[in-house]
Amino acid sequence: MEEGAQRERGRGAPVTAGAEGRRIFMELGEQNLDAICLSTYRTACKLRFIQKRCNLHLIDIYHVIEAVRDAGLNAVELNAGISVTRLENLVSSLFNQLSKRLPTTHTIDPLQSTVLLVEFILAAVESEPDSRLTVLSVKAMLAVLCGGKLVDKLRYMFSQVSDSGGVLVQSKFDAFLREALKLPTALHEGPSFGYTHTSARSCFPQQKRVMLNMFLDIVSDPPQCLVWLPLLHRLANVEHVYHPVSCSYCRGNGMTGFRYRCLRCRGYQLCQNCFWRGNASGSHSSQHQMKEHSTWKSPATKLGRALSRTLGCMSSREPPHPIYPEEPERTLNLANIVEILAEIKRLRTEHEAACQLSHQGSTNPNLLAELRLLRQRKDELEQRMSSLQESRRELMVQLEGLMKLLKVTQAQAAGSSHASPSRPSPSSVRSVGAASPHAYMYPPQDSLAGVGGDVREAFAQGPRRNLRNDLLVAADSITNTVSSLVKELHSGTDRRHTRTTDSKHTHTHTRHARNVPLIVIFTNDEEMIFNFKCENGTKVHFLNVLFFQCLLSFLSR
């Protein structure tokens, strides 16, 4: 029998609450809320107890919307039936997500909350005969019982009962109101707030076209059938408000929640428990007009506000709810969402296949060996490139030094030519040896014109030759040249000495020839540093690096 009943309930058929579902009603009876005289406060207090007992006050309307969307109920017609299993899954996901969001100091039992809420919803559906569980029932009851701001909840309700143009559809609103009013009916408040066929029309009797902002006026001016809804939210807001005054009836030290002040009896104030139950004392009567206070204001604060109001310094009152545009927001066009999802799936499949192929190729030993060789060759080439770069840098430094030296040599050659403009002696011309007769016809920048063939060859070679070896070869060549030059100088001295002797005999005096200047030859090899002295007093010094400077200086004389 129980299995058959579960199958019937799973098809959206008329439902009956189980025995465990009555437990929440037993706990509600123990609160003695029926002693409250005013039906509006009584209904709001009962719903607040159900809300807190099921932990729905910790869930706002946005979490409800998300859970409904995840359950796939957005694409289902509002009047379509829903199974109990699907309802249990929806409610269970709500409380499971809630338990993850709560801090560790505040824990709940998701299973217990799920059982209590599901059984209460089923009991509310059963409160009307021939009623069945539908998608609209679940949305309406969860929207009413959840926490959060009333304006946000009313906006969600309006989205369920309006058309695409943002206008209230009367038939949808009537069906939604019928499901929402099953909640007070289940709490035995049907005579005061039960559904009637005129309930929907009584909410907006004067308006034929109801838009969102007009629907939100329920916050400040609710219709009679929904007067308990704004009070339910005010109860939640004042639960922890403290008033530092004593109750005129129960003499309690301080009040928590609402505070009621009599407009006729001066200084007469009641706490919410005494006022709701109709308690009165002294000359005060329950028929006197009372003012409800949800906050405590000190006398100084009241005086300041009164002065500001009198002087016109206070700003105008804010509207009870935000003003929204009349035209509804355009929703996202999801007509091509199926094609887009299919394309994403195809691209993901191709990517996974490519990743698998690359993984298989990475395990091939031949490919791994070839890759290893290529990496080794790459490292060798990089090392070779770095060495070539270093060699190039050294050559550039040496070239820069040589260029500076050439400039200095040209400057000295120009200075010596101005100092002694006479033509070079035959001995100096002969000392050039293998040099071309037209060597001095080169422009000044050709500083190697008078150097031997080996030196020119050394400096004319490309960067592949070693500069140190080239300088050594050049130094050897110059050494041979200087040796022959010294011999010529020696023979020339003998000839001049003979001419001088002849002139003495003929009583004619010829001036002694000009001494040969100092010869300094530079080489790059430290071992070749030496010097010698010719018979005529000429000194020849071999030094390093800058040998051709002095050689050109000698040749220019």
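Computed from a prediction, not measured in an experiment: that's the story for all the values here.

A.B. asks: Help me get a handle on the nonpolar core, residues and values and all.
C.D. replies: Core analysis: the largest hydrophobic core is formed by 98 residues, its most contacted members being Leu-117, Phe-173 and Phe-215. Setting aside its immediate chain neighbours within four residues, Leu-117 contacts Cys-54, Leu-56, Val-91, Phe-95, Leu-142 and Leu-145.

A.B. asks: Quick rundown of helix H4 (residues 61-70)? Include the residues and the values.
C.D. replies: Among all positions in H4, only Ile-61, Val-64, Ala-67 and Val-68 are buried. For H4, the angular spread of the buried residues around the axis is 120°, confining them to a single face. Each element contacted by the buried residues of H4 is listed here: helix H5 (84-101), helix H7 (135-145) and helix H8 (150-161). Looking one or two residues beyond H4, the residue adopting positive phi is Gly-72, at roughly 80°.

A.B. asks: Let's hear about the UniProt feature "coiled-coil region" (unreviewed entry) in the protein chain: which residues, and what values?
C.D. replies: The sites that carry the UniProt feature "coiled-coil region" (unreviewed entry) are, in the present numbering, residues 364-398. Counting secondary structure, residues 364-398 comes out at 97% helix and 0% strand; the distance between its end C-alpha atoms is 51 Å.

A.B. asks: Now, about the side chain of Ser-113: what can you tell me, with residues and values included?
C.D. replies: Mapping Ser-113 onto the fold places it in helix H6 (residues 110-126). Classification of Ser-113 by relative accessible area gives buried; the value is 3%. Excluding its chain neighbours within four sequence positions, the residues that come into contact with Ser-113 are Cys-54, Asn-55 and Phe-95.

A.B. asks: Can you break down the sheet that holds strand S5 (residues 290-293) residue by residue, with the values?
C.D. replies: With antiparallel pairing, the 3 strands of this open sheet are ordered in space as S4-S3-S5. Each edge of the open sheet carries a strand with a single partner, namely strand S4 (269-271) and S5. Adjacent strand axes in the sheet meet at a mean angle of 25°, parallel and antiparallel pairs treated alike. As defined by bridge partners, strand S3 (residues 259-262) adjoins S5 across 4 bridges and the pair is classed as antiparallel. Among the inter-strand pairings, Cys-262 is bridged to a residue of S5, identified as Met-290.

A.B. asks: Break down the packing of H8 against helix H14 (residues 228-237) for me, with residues and values.
C.D. replies: Where H8 contacts H14, the two axes come as close as 11 Å, and the packing angle between them is 145°. From H8, Leu-150, Lys-153 and Leu-154 reach across to H14, where they touch Leu-229, Pro-230 and His-233. In terms of residue class, the contact of H8 with H14 is built from 4 nonpolar, 1 polar and 1 charged.

A.B. asks: An account of the pairing of S3 is needed here, citing residue identities and associated values.
C.D. replies: Note: S3 against S4, 3 bridges, orientation antiparallel. When the bridges of S4 are listed, Arg-261 appears paired with Gln-269.

A.B. asks: Explain the packing of aromatic side chains residue by residue, including any values.
C.D. replies: Applying the stated criterion to the full structure yields 10 aromatic pairs. With 6.4 Å between their ring centres and 80° between their planes, Tyr-41 and Tyr-260 make a pair best called edge-to-face. Within this pair, whereas Tyr-41 is found in helix H3 (residues 39-53), its partner Tyr-260 is found in strand S3, the two being separated by 219 residues in sequence. Plain terms: the ring middles of Phe-258 and Tyr-260 are 6.1 Å apart, the flat faces sit at 50° to each other, and that makes the pair tilted. An aromatic cluster is built from Tyr-41, Phe-258, Tyr-260, Phe-275 and Trp-276, whose rings are joined through pairwise contacts.

A.B. asks: Explain the pattern of salt bridges residue by residue, including any values.
C.D. replies: Here the structure, examined in full by the defined rule, presents 15 salt bridges. Here Asp-34 and Lys-46 are joined by a salt bridge, their closest N and O atoms 2.6 Å apart. You can see Asp-34 sitting in the loop between helix H2 (22-29) and H3 and its partner Lys-46 sitting in helix H3, a full 12 residues away along the chain. Its relative accessible area of 56% is what places Asp-34 among the exposed residues. A relative accessible area of 5% means that Lys-46 is categorised as buried. What emerges from the salt-bridge pattern is a single network uniting Asp-34, Arg-42, Lys-46 and Glu-189.

How each quantity is defined
- Residues numbered from 1 in each chain as written.
- Predicted model: local features only at pLDDT ≥ 70, side-chain atom pairs only at ≥ 80, totals over all residues.
- Heavy atoms only, no water.
- Core = buried A, V, L, I, M, F, W, Y, C linked by side-chain atoms within 4.5 Å.
- Buried < 20%, exposed > 50% of the residue type's maximum accessible area, 1.4 Å probe, protein only.
- Contact = heavy atoms within 4.5 Å.
- Helix = DSSP H or I, 4+ residues; strand = E, 2+ residues; numbered from the N terminus.
- Arc of directions from axis to C-beta.
- UniProt positions renumbered as here; feature names shortened; annotations may be inferred.
- Pairing = 2+ DSSP bridges.
- Axes fitted to C-alpha atoms, helices over the stretch in contact; angles between N-to-C directions.
- Nonpolar A, V, L, I, M, F, W, Y, C, P; charged D, E, K, R; others polar.
- Phe/Tyr/Trp six-rings, centres within 6.5 Å; stacked < 30°, edge-to-face > 60°.
- Salt bridge = Lys/Arg side-chain N within 4 Å of Asp/Glu carboxyl O.

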